[in-house]
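Spelled out, the chains give:
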Amino acid sequence: RLKDATTTSKGIVELAENGEDKEGVAVQGNDNRLKTASVNSFGIVKLAKNNEKIMNAVVQADDDRLSNPRKPIPHDHNYAGIKHEYNSHTGTIKIIGNKEENISGIAPPSERSAIIYAKNESERPGAVGIAGIHNPNSEESIHSYGVLGHGRFIGVRGQSNGNTDGGIKGSGVLGVSRFGAGGVFTSEHNYSLVADGYGAISDYDDTVNLKGNGDALYVNGNSLFTGRITINNNLKGKEHPSNIVEMFEVDEEQLIITGDILVASDQGKSILTRSTTNYCKGVIGIVSGNPSVIINNSGSEKKIYPIVLAGKTLCRVDARKKSVKPGDLIVASDTPGCGMAGEINSFEKIGSVIGKALDGLDNGIGIIPVFVAHQ
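The present account deals with the structure reproduced in this document. From a predicted model like this one, the values you see are computed outputs, not experimental measurements. Per chain, the residues get numbers from 1 upward, laid out in the order the sequence is written. Two thresholds apply to this predicted model, a pLDDT of at least 70 for residue-level local features and 80 or more for giving and counting side-chain atom pairs, whereas whole-chain, interface and lining totals are computed over all residues. Note that water and hydrogens are dropped before the side-chain values are worked out from all heavy atoms of the structure.

So, about the overall build of the protein. Runs of E in the DSSP output that reach at least two residues are strands. Runs of H or I that reach at least four are helices, and both are numbered from the N terminus. Looking only at helices and strands, one finds 0 helices and 12 strands in the protein. Mapped in sequence order, the helices and strands of the protein form the string β-β-β-β-β-β-β-β-β-β-β-β. Note on classification: 1.4 Å probe, protein chains only; a residue is buried when its accessible area is under 20% of the maximum for its type, exposed when over 50%, partly exposed between these limits. The buried share among the 375 residues of the protein stands at 22%. Any two residues whose heavy atoms approach within 4.5 Å are treated as being in contact. The contacts of the protein with a sequence gap of at least 6 include a subset with a gap of at least 24, amounting to 46%.

Here it is, written out as C-alpha cells:
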C-alpha cells in the first residue's frame with residue numbers, strides 16, 4: 001500500500017481517471033474538471049453564453065441580462081410586509097390602483113384609502129410623513145414642484161387636530177419660504193382663497209363638518225391689497241348696521257351701552273366718557289354694536305369700546321325738546337350719551353356735529369340710524 005498509486009493499482013489512495021466520478025477515489029491535478037472553464041468546455045462549472053438559457057450553467061459578468069434595461073414584467077409587491085432600507089432604491093415608481101375609504105371630520109386616513117400610504121411613528125421633532133423635493137442645480141429660473149396634488153375637486157387637503165391647551169397650535173397646511181411667497185393661491189373662475197371661520201365649506205368638502213367660532217383669517221404684519229374690498233357684515237340683521245371702528249379706553253365712572261355718544265374725557269390720555277353737554281365740541285364717536293373693521297391701538301387697557309370712525313351706526317337720540325328728521329345734523333345733548341337735532345348757527349357750535357340722521361324720531365328717547373360725519 002506504500003507504493004505509488006496509479007489509476008489501475010492502489011497505493012495509499014486510489015486515483016481517479018480524467019473526468020471519472022467514483023466514490024472514494026482522488027481527483028488528480030491534471031483532471032479537466034479543475035481547469036479554467038469556457039463556454040465550450042467544462043471546468044469546475046459550466047459557463048453560459050451571452051443571453052443563453054441553459055440549466056446548470058453560470059451567467060457571466062458581461063452578460064447583457066445583467067446590464068441592459070428590460071421591459072418590466074407585471075408583478076406585485078407586498079411592501080408593507082417586508083422590512084428593508086427604503087433609501088436603497090433608485091429610479092422612478094409608477095403605481096396605479098384602486099383604493100377608497102370615506103373620510104369624516106379630520107380623523108387621520110387609514111391605509112385602505114390611499115394608493116401610497118406613509119405613516120411616520122417617530123415622536124421626535126422633525127418627523128415627516130411624506131417629503132417631496134425638487135432642487136435642481138441650475139441657476140436658470142424653471143418651474144419645479146416638490147409636491148403637486150391634483151384632483152377633480154380637491155388638489156391638496158391638509159388637516160391637523162391642533163390643541164387648545166395653550167401650546168403649539170396645529171396647522172392644516174404650513175407654507176414657508178425664505179425669499180418667495182409662503183403660499184400662492186389663484187383661480188380662474190372662483191376666489192383664489194376661501195377662509196371660513198365657521199367650518200361652512202360644504203361647497204368644497206362636505207366631509208369636514210366643523211363648527212368654528214367665526215375666526216377666519218389672522219394676519220400678522222403689513223398687508224397690501226390691490227383691487228376692491230367688499231365687506232358683508234349682516235350677521236345681526238338690518239337693525240345693526242356695520243361700520244369702521246377704533247377701540248378706545250373709557251373711564252370707569254359710567255355704564256356705556258351701544259349707541260352712546262362719547263366725548264374726550266377731562267383726564268386726557270385718549271380716555272373717553274359719555275357726553276353730557278349740549279353741542280359738546282369734544283365729541284369723538286358713537287359706540288358700535290356691529291363693527292366690520294376694527295382698529296385696536298389701545299394697548300393693555302381692559303375697559304375698551306368700539307367707537308365708530310366712519311359708516312352707518314345706531315345712535316341714541318333725545319327728541320323730547322325737538323323732533324329729529326332724516327338729514328338733521330346730530331350733536332350731543334344734555335341727556336347722558338344721547339344726541340339731538342342740532343343747528344349750526346354760530347362759530348361756537350362748529351365742530352360739535354357727530355353725524356347726520358338717516359331716520360326720524362318724533363318724540364321721546366330712541367335709537368335711530370345715523371351716518372357718522374364730523375363737522
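Attention now goes to the nonpolar core. Side-chain atoms within 4.5 Å link the members of a nonpolar core, which is a set of buried Ala, Val, Leu, Ile, Met, Phe, Trp, Tyr and Cys residues. Ranked by internal contacts, the top residues of the largest apolar core, which has 20 residues, are Ile 286, Cys 315, Val 317, Val 324, Ile 330 and Ile 368. Counting only elements with at least two residues in this core, the list comes to strand 4 (261-264), strand 6 (283-286), strand 8 (304-318), strand 9 (329-332), strand 11 (353-357) and strand 12 (365-372). Residue contacts for Ile 330: discarding those within four places in its chain leaves Cys 315, Val 317, Val 324, Gly 339, Met 340, Ser 352, Val 353, Ile 354, Gly 355, Lys 356, Ala 357 and Val 370. Counting residues in hydrophobic clusters, the runner-up holds 8 residues, among them Val 250, Leu 272, Tyr 305 and Ile 307.

This brings us to the state of the cysteines. In this description, the term disulfide denotes a pair of cysteine sulfurs within 2.5 Å. Under the defined criterion, the tally for this structure stands at 0 disulfides. Free of any disulfide, Cys 315 has its nearest neighbouring cysteine sulfur in Cys 338, separated by 7.6 Å.

On the secondary structure map, Asp 205 appears in the loop between strand 2 (57-58) and strand 3 (243-250). Within polar-contact distance, the side chain of Asp 205 engages the side chain of Arg 157 at 2.9 Å. Polar contact is the term for a pair of N or O atoms within 3.5 Å; when the atoms are in protein, one must be able to donate a hydrogen and the other to accept it, and sequence-neighboring residues count only if both atoms are side-chain atoms.

Next up on the list: the pattern of salt bridges. The salt bridge criterion pairs a side-chain nitrogen of Lys or Arg with a carboxyl oxygen of Asp or Glu, the two atoms within 4 Å. Counting across every chain of the model gives 9 salt bridges. Three or more residues joined by partner-sharing salt bridges are found here, namely Asp 260, Arg 274 and Arg 316.

Aromatic pairs are defined between Phe, Tyr and Trp rings, using the six-membered ring for Trp, whenever the two ring centres lie within 6.5 Å; interplanar angles under 30 degrees are classed as stacked, those over 60 as edge-to-face, and all others as tilted. Scanning all chains against the criterion turns up 0 aromatic pairs. Lysine NZ or arginine CZ positioned within 6 Å of the ring centre and within 35 degrees of the ring normal marks a charge as sitting over the ring. Of note, Lys 349 hangs over the ring of Tyr 279, and the distance from its end group to the ring centre comes to 4.3 Å.

Right, let's get into the side chain of Asp 318. Take Asp 318: it is sitting in strand 8. Asp 318 sits in the buried class, given a relative accessible area of 10%.

Now for the environment of Asp 362. Looking at the element boundaries, Asp 362 is found in the loop between strand 11 and strand 12. Through-space distance from the C-alpha of Asp 362 to that of Asp 318 is 9.6 Å; in sequence the pair is 44 residues apart. Residues within four places of Asp 362 in sequence aside, it is in contact with Ala 319 and Ser 323.

With that settled, consider a nonpolar patch on the surface. The patches reported here contain residues having more than 30% relative accessible area and no salt bridge. Joining distances are 9 Å for like charges and 5 Å for nonpolar side chains (Val, Leu, Ile, Met, Phe, Trp, Tyr). Note on areas: Shrake-Rupley, 1.4 Å probe, and residue coverage restricted to the protein chains presented here. Together, Val 27, Leu 34, Ile 44, Val 45 and Val 58 make up an exposed nonpolar region whose accessible area comes to about 440 Å². Tracing the chain through its elements places Val 45 in the segment before strand 1 (46-47).

The next thing to look at is unusual backbone geometry. Unusually for a residue other than glycine, Lys 269 sits at a positive phi of about 55°. For Lys 269, the position within the fold is in the loop between strand 4 and strand 5 (271-274). Among the residues examined, Lys 269 registers a relative accessible area of 77% and is labelled exposed. A positive phi is found at Tyr 279, a non-glycine position, where the angle reads about 55°. Checked against the element boundaries, Tyr 279 lands in the loop between strand 5 and strand 6.

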